Amino acid sequence: MSQTSSQPKSLLIDGRWTPAAQTFASVNPANGATNFEIGAADADQVNAAVDSAWRAVRQKAWRDMLPHQRAALLRRMADGIDANAQVLARLQMIENGKVWSECKAQVNSAAATFRYYAGVCETITAEVTPPRGNYLSMTQYEPYGVIVAITPWNSPLTMEAQKVAPALAAGNAVILKPSEVTSSPALELGRIALEAGIPPGILNVVTGLGSGAGKLLVEHPGVRMVSFTGGTASGRAIARVAADKLMPVALELGGKSPHIVCADADLDAAVEGVIGGIFEGSGQSCVAGSRLYVQRSVQQAFLEKLLARTRAIRVDQPDAQGAGMGPIASFAHRDKIESMVASALKDGGEILTGGGRPDEDHLAQGAFYLPTVIGGLKADAHVVREEIFGPVLCALPFDDEDDLIAQANDSVYGLASGIWTADYRRAWRVARQLEAGSVWINTYKQLSISTPFGGFKQSGIGREKGASGLRLYQQSKGIYFAM
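If you're wondering where the values come from, they're calculated on a predicted model, not measured in any experiment.

**Q** Can you help me understand the overall build of the chain in this one?
**A** In terms of regular secondary structure, the chain is built from 17 helices and 22 strands. Radius of gyration (C-alpha) of the chain: 23 Å, near the 23 Å computed for a compact globule of 483 residues. Expressed as lengths along the three principal axes of its C-alpha atoms, the size of the chain is roughly 70 × 60 × 40 Å. When the 483 residues of the chain are sorted by exposure, 57% land in the buried category. Excluding contacts between residues fewer than 6 apart, the proportion of contacts in the chain whose partners are at least 24 apart in sequence is 73%. Only carbon and sulfur atoms are counted for the fraction: they give 52% of the accessible area of the chain, which is about 19,400 Å².

**Q** Got a minute to help me understand the side chain of Q407 in this structure?
**A** Locating Q407 in the fold gives a position in helix α15 (residues 401-408). Of the residues examined, Q407 reaches a relative accessible area of 17% and is grouped as buried. The contacts of Q407, once residues within four sequence positions are left out, are R291, Y293, L396, P397 and F398.

**Q** For this particular structure, what's the right way to read the state of the cysteines?
**A** As used here, a disulfide is simply a covalent bond connecting the sulfur atoms of two cysteines. The full count for this structure, using the stated rule, is zero disulfides. Just so you know, C103 is unpaired, no disulfide at all, and the nearest cysteine sulfur is the one on C286, 17 Å from it.

**Q** Explain the sheet that holds strand β22 (residues 474-482) here, please?
**A** Spatially, the three strands line up as an open sheet ordered β5-β6-β22, and their pairing is antiparallel. Each edge of the sheet is formed by a strand with only one pairing partner; in this case those strands are β5 (127-129) and β22. Between one strand and the next, the sheet's axes are offset by a mean angle of 30°, whatever the strand orientation. Across nine bridges, strand β6 (residues 135-143) lies against β22 in antiparallel orientation. Paired with Q140 across the strands is K477, a residue of β22.

**Q** Whenever I open this one, the packing of helix α11 (residues 267-279) against helix α12 (residues 299-311) confuses me. Can you help?
**A** Helix packing geometry: the angle between the two helix axes and the distance between the axes. Running from N to C, α11 and α12 point in directions that differ by 50°, and their axes come no closer than 10 Å. Considered as vectors, α11 and α12 are oriented oblique to each other. Taken as a pair, α11 and α12 cross one another with a handedness that is right-handed. Between α11 and α12, the contacting residues are L267, D268, A270, V271, E272, V274, I275 and F279 on the first element and F302, K305, L306, R309 and T310 on the second. Split by residue class, the contact of α11 with α12 holds eight nonpolar, one polar and four charged.

**Q** Please explain the sheet that holds strand β12 (residues 258-261) as it appears in this structure.
**A** The strands making up a sheet associate through hydrogen bonds between their backbones, and the pairing can be parallel or antiparallel. Strand order in this open sheet of seven strands is β14-β15-β16-β13-β12-β18-β19, and the pairing throughout is mixed. At either margin of the open sheet sits one strand with a lone partner, and together these are β14 (350-353) and β19 (438-441). Neighbouring strand axes in the sheet, compared pairwise and without regard to direction, differ in orientation by 25° on average. In this structure, β12 lies alongside strand β18 (residues 416-420), joined through three bridges in parallel fashion. Pairing of H259 across the sheet is with G418, part of β18. The sheet contacts of helix α16 (residues 424-433) involve β12, β13 (291-295), β18 and β19, and relative to β19 the element is tilted by about 165°.

**Q** In this structure, what is going on with the packing of aromatic side chains? I would like to understand it.
**A** Aromatic ring pairs are reported here in terms of the distance separating the ring centres and the angle at which the planes meet. Summed over all chains, the structure comprises four aromatic pairs. Relative to Y117, the ring of Y116 has its centre 5.0 Å away and its plane inclined at 85°; by these criteria the two rings are edge-to-face. Given the relative accessible area of 0%, Y117 is considered buried. With a centroid separation of 5.4 Å and 90° between ring planes, the pair formed by W153 and F389 is classed as edge-to-face. Separated by 236 residues along the polypeptide, W153 in the loop between β7 (146-150) and α7 (156-169) and F389 in the loop between α14 (382-385) and β16 (392-398) bring together distant segments of the chain.

**Q** It is not clear to me how helix α10 (residues 232-245) should be interpreted in this structure. Could you clarify?
**A** Residues separated by three or four positions in an α-helix point in the same direction, a consequence of the helix having 3.6 residues per turn. Helix length check: α10, at 14 residues, gives a terminal C-alpha distance of 20 Å against a target of 20 Å (1.5 Å per residue), a fit within 8%. Looking at α10, one finds that the buried residues are T232, G235, I238, V241 and A242. Tucked inside the fold, the buried residues of α10 contact β7, α9 (210-219), β10 (225-229), β11 (249-252) and β17 (413-414). After α10 finishes, the residue L246 shows a positive phi value of roughly 55°.

**Q** What should I look at first to understand a nonpolar patch on the surface in this one?
**A** There is a patch of nonpolar side chains on the surface, built from V128, L136, F481 and M483 and spanning about 410 Å² of accessible area. Note on placement: F481 falls in strand β22.

**Q** Explain the environment of G201 here, please?
**A** Note on placement: G201 falls in the loop between α8 (184-196) and β9 (203-205). The exposure class assigned to G201 is buried, which follows from its relative accessible area of 1%. As for G201 and A173, which are separated by 28 residues in sequence, their C-alpha atoms are 7.1 Å apart. When residues no more than four places from it in sequence are discounted, the contact partners of G201 are D14, G15, S52, A53, A56 and A173.

**Q** Help me out: how do you make sense of the confidence of the model for the chain in this one?
**A** Close reading of the predicted structure is inappropriate where its pLDDT is low. Residue-level pLDDT values for the chain average 96, and 98% of them are 70 or greater. Note that pLDDT drops below 50 for residues 1-6; the model gives that stretch 15 contacts with residues more than four away or on any other chain.

**Q** Would you mind showing me how to read the pattern of salt bridges here?
**A** Proximity of charged atoms lets side chains of opposite charge pair with each other. Considering all chains together, one arrives at 25 salt bridges under this definition. Across the pair E180 and K177 runs a salt bridge whose closest N-O atoms are separated by 3.8 Å. A relative accessible area of 29% places E180 in the partly exposed class. Among the ionic pairs, R426 bridges to D264, the shortest N-O distance being 3.2 Å. Pair noted here: R426 is in helix α16 and D264 is in the loop between β12 and α11, with a separation of 162 residues, a long-range link. Residue class for D264 comes out partly exposed when judged on its relative accessible area of 32%. Connected via shared salt-bridge partners are D264, E401, R426 and R429.

Here is what the cut-offs are and how they apply
Residues numbered from 1 in each chain as written. Predicted model: local features only at pLDDT ≥ 70, side-chain atom pairs only at ≥ 80, totals over all residues. Heavy atoms only, no water. Helix = DSSP H or I, 4+ residues; strand = E, 2+ residues; numbered from the N terminus. Rg over C-alpha atoms; globule rule 2.2 N^0.38 Å. Buried < 20%, exposed > 50% of the residue type's maximum accessible area, 1.4 Å probe, protein only. Contact = heavy atoms within 4.5 Å. Areas by Shrake-Rupley, 256 points an atom, 1.4 Å probe, with all protein chains shown as cover. Disulfide = S-S within 2.5 Å. Pairing = 2+ DSSP bridges. Axes fitted to C-alpha atoms, helices over the stretch in contact; angles between N-to-C directions. Parallel < 35°, antiparallel > 145°, perpendicular 65-115°, else oblique. Left-handed = near helix turned anticlockwise from the far one by under 90°. Nonpolar A, V, L, I, M, F, W, Y, C, P; charged D, E, K, R; others polar. Phe/Tyr/Trp six-rings, centres within 6.5 Å; stacked < 30°, edge-to-face > 60°. Expected span 1.5 Å × (residues − 1). Patch = residues over 30% accessible without salt bridge, like charges linked within 9 Å, V, L, I, M, F, W, Y side chains within 5 Å. Salt bridge = Lys/Arg side-chain N within 4 Å of Asp/Glu carboxyl O. pLDDT = per-residue confidence, 0-100.

Here it is, written out as structure tokens:
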């Protein structure tokens, strides 16, 4: 076992494993057992992390490191992730319950993200700007200094790589604050960073509750930027603090994404896309296609195929061969999902399949919930308006394109969307009108580290990923030379 697996009570501060004064339990949602105790940083340890990050980022060795040298460190990080793939995947699995195949895929994605930003780090350029006088002018990009990256529990491995890799490539020091539900993958990433040669203090890992260590980090005067992925309510709280500090933030928040099936679509392919879009990861995805809009003329035929496929999903222990869905990431979150489904019934909804816990004895101790499809709802129903963040799909009809656009955009969220149609002209028209940061056409959840990602409306501020995702962690500076 790795150091963090056997000593999870420690925080990584200034390149040293520092015991935390307090702890909280990491619970396996598949069986309710305690995995281990995780350290909770106090105010003094948060201060120490910020101080060490500033010392490290001001060191000449890091500040003046050439791009190809920084890129080499990121590649060694990727190699370290590959070498520890089994440990990382298992830690994520026992903390958030994702099935083993998804955990392995997310380890591979994390390594690929570090390699991608190594390439961006070496090749991204500054600009010489057109002069308007007898001078030479250029734009240079500088790191903010100390960045706090706060990551969610649903996909910690990919989210941590998606923030840490570009922030380091941009020349910052990073304090990584993982969700209290999934702290151990971040600690393991910190260990890998030290072995890869990342200087002490450049990547600190501070665990604890959001209301404790998270709040202290966001409010700390030494923190120059916060990158957060998580719920919209927490994002608003961070934005309020950032406004007082005049601090930039990147916020990737909630979603209630419309998934659209037109009458001319390949219905079998669309069924598979809808299934993956809502039930992969037990529906615990910010881009989950949780609002299904099917053209009325094919709705019955499509739902018959969809329900048969949904009932065939195997809900089981996440490491069981053939498992299609594992448990919900925590027992408290399952309670929330159950209350949302209950509200759907009060609003006149009909459970078409699922709607409860599985009855197999070997799943009784875990936070399992069946994949669920609800029909008969109106547009103003609570479950149609609010993010459930679970394996619950709300099925609604639409009549024509105008009706579809009105329904799909009738949401405070705007993170993602999908459309299935054989008509590329319709696909283009609808894609342009959908108020969402990502639109998938005849596919869903097709993600790439090279393509910017973020949300419209209350789904967030800023764009991660892509070459511009490195610039997210830098500020521009104009430099002028008199001629």
